[in-house]
Amino acid sequence: MKIRKANLQAETFSVYIHENKKEEQTLIAIPFIKWSTVILYEEDNTSLTKRLEDEFQSALDSEEATHLSLKIVQWVREM
């Protein structure tokens, strides 16, 4: 498991990333906003970014949701 720091305008919080190579998926959890999801290896970057951005809209403002979505996609793809 990797722990990354997400630095947004108002807050800094931990993002937990666990890669399951056997099942070809990655678990992402952000306890600060009570959110988690599973990302499949075959999910493309554009749809993934849009999905994450939509999920973050309730907890973050639009700019922060976009920024965090892009960061998470980058972190997941570099693993």
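See the structure printed just above.
Figured I'd write up the structure that's included with this text. Everything numeric in this text was worked out from a predicted model, so none of it was measured.

1. Description of the sheet that holds strand β3 (residues 25-30)
Hydrogen bonds along the backbone pair up the strands of a sheet, which may run parallel or antiparallel. With antiparallel pairing, four strands are arranged side by side in an open sheet as β1-β2-β3-β4. The open sheet has two free edges, formed respectively by β1 (2-7) and β4 (35-40), since each of these has just one partner strand. Going across the sheet, the axis of each strand differs from the next one's by a mean of 25°, ignoring polarity. Helix α2 (residues 62-77) rests against β1, β2 (12-20), β3 and β4 of the sheet, and its axis sits at about 155° to β1.

2. Remarks on the pairing of β2
Inspection of the sheet shows β1 paired to β2 by six bridges, in the antiparallel sense. Across the sheet, residue K2 finds its bridge partner in β2, namely I17. What sits between the antiparallel neighbours β1 and β2 is a turn of four residues. In textbook terms, the turn of a hairpin is the stretch between consecutive antiparallel strands, and for β2 and β3 this stretch comprises four residues, one of which, E24, has a positive phi near 55°.

3. Looking at the pattern of salt bridges
The full count for this structure, using the stated rule, is four salt bridges. In this structure, R51 and E55 form a salt bridge, with 3.2 Å as the shortest nitrogen-oxygen distance. Of this pair, R51 and E55 both sit in helix α1 (residues 45-56), four residues apart, roughly one helical turn. The exposure class assigned to R51 is partly exposed, which follows from its relative accessible area of 22%. Taking the relative accessible area as the measure of exposure, E55 reaches 28% and is therefore partly exposed. One connected set of salt bridges, linked through shared partners, spans E43, R51 and E55.

4. As for the nonpolar core
Side chains that are nonpolar tend, in soluble globular proteins, to be buried together. Residues V15, I28, I30, W35, F56, L68 and I72 are the most contacted members of the largest nonpolar core, which totals 20 residues. Those elements giving two or more residues to this core turn out to be β2, β3, β4, α1 and α2. In terms of residues, this core owes the most to one element, α2, which gives six residues. Residue contacts for I28: discarding those within four places in its chain leaves V15, Y16, I17, W35, S36, T37, I39, I72 and V76.

Scoring rules and cut-offs
- Residues numbered from 1 in each chain as written.
- Predicted model: local features only at pLDDT ≥ 70, side-chain atom pairs only at ≥ 80, totals over all residues.
- Heavy atoms only, no water.
- Pairing = 2+ DSSP bridges.
- Helix = DSSP H or I, 4+ residues; strand = E, 2+ residues; numbered from the N terminus.
- Axes fitted to C-alpha atoms, helices over the stretch in contact; angles between N-to-C directions.
- Contact = heavy atoms within 4.5 Å.
- Salt bridge = Lys/Arg side-chain N within 4 Å of Asp/Glu carboxyl O.
- Buried < 20%, exposed > 50% of the residue type's maximum accessible area, 1.4 Å probe, protein only.
- Core = buried A, V, L, I, M, F, W, Y, C linked by side-chain atoms within 4.5 Å.

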